[in-house]
Amino acid sequence: MNGMPYQPLIAPSILSADFARLDREIERIPSADWIHVDVMDGHFVPNLSFGAPVAKAVGRVTDKPMDCHLMIEDPARWVRDYVDAGAVNVTFHVEATDDPRGVADLLHSAGCRAGISVKPGTAVEPYFDLLEHVDLVLVMSVEPGFGGQAFMPEVLDKVRSLRAEIDRRGLDVLIQIDGGIDASTIGECAAAGCDVFVAGSAVYGAPDPDAMVETLRARALDARA
């Protein structure tokens, strides 16, 4: 971005970790750049994961940046809880609010980075006017709600569109992708323009989760070289 060397960020999702041993599960991925926390409310998506108390517990056991992805209704009501839990980035869905700019401003006023997310069926171009007001755009490459789904390559057209617009305007906005990211898919995502890669089952389903983090980073670097 902006002439800087490409540095892909790998953000393992603890949704695929052993919830009963989250501290140890996080210790298994010392090479991770961020820790990704998937928050689901059972309303915006048809699944229930965990909320701010678990995020706060995660923040207590790691010094790594905590990246919270809120798959919840009425994000403005709840974002402050995740800032208080220690998140450095909080991402909410544009489909869940009528005022995404207001939610982003709320996060910034609390000293937190703000991200917006789009589901696979949501076009990204209508939200280009928000790019100057957010720090990250998360493109979902599966339908949000459950881990372990197959990657949807068609969403990469949105990534390319975002990459072109961000670069054209010289903005410092990260592009994140989440869903079906593994050693076989991360390369095409990096080549399309992604900066941050969320991987859950690929990391925690591997015999050596940290080695998989390093493999994913290497594949992303090779794809952008």
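Residues numbered from 1 in each chain as written. Predicted model: local features only at pLDDT ≥ 70, side-chain atom pairs only at ≥ 80, totals over all residues. Heavy atoms only, no water.

Chemist: Break down the side chain of Thr91 for me, with residues and values.
Modeler: Mapped onto the fold, Thr91 is located in strand β4 (residues 87-93). At 3.0 Å, the side chain of Thr91 and the side chain of Asn89 are in polar contact. If sequence neighbours within four positions are ignored, Thr91 has contacts with Asp67, Cys68, His69, Leu70, Gly115, Ile116, Ser117, Leu136 and Leu138. (Helix = DSSP H or I, 4+ residues; strand = E, 2+ residues; numbered from the N terminus. Polar contact = N/O pair within 3.5 Å; in protein donor to acceptor, adjacent residues only side chain to side chain. Contact = heavy atoms within 4.5 Å.)

Chemist: Account for the sheet that holds strand β5 (residues 113-118), naming residues and giving values.
Modeler: Taken in spatial order, the 8 strands make up an open sheet running β1-β8-β7-β6-β5-β4-β3-β2, and their pairing is parallel. Each edge of the open sheet carries a strand with a single partner, namely β1 (9-12) and β2 (35-40). Each adjacent strand pair in this sheet contributes to an overall mean axis angle of 25 degrees, direction not counted. Looking at chain direction, β1 and strand β8 (residues 196-199) are connected through 4 bridges and run parallel. (Pairing = 2+ DSSP bridges. Axes fitted to C-alpha atoms, helices over the stretch in contact; angles between N-to-C directions.)

Chemist: I'd like to hear about helix α3 (residues 75-84), residue by residue, with values.
Modeler: Regarding α3, the residues found buried are Pro75, Val79, Tyr82 and Val83. The arc that holds every buried residue of α3, seen down its axis, measures 100 degrees, which confines them to one face. Exposed residues lying more than 90 degrees from the buried face of α3 are Arg77 and Asp84. Lining the buried residues of α3 we find β2, α2 (52-61), β3 (66-71), β4 and α4 (100-109). Positive phi appears at Gly86, one or two residues downstream of α3, with a value of about 110 degrees. (Buried < 20%, exposed > 50% of the residue type's maximum accessible area, 1.4 Å probe, protein only. Arc of directions from axis to C-beta.)

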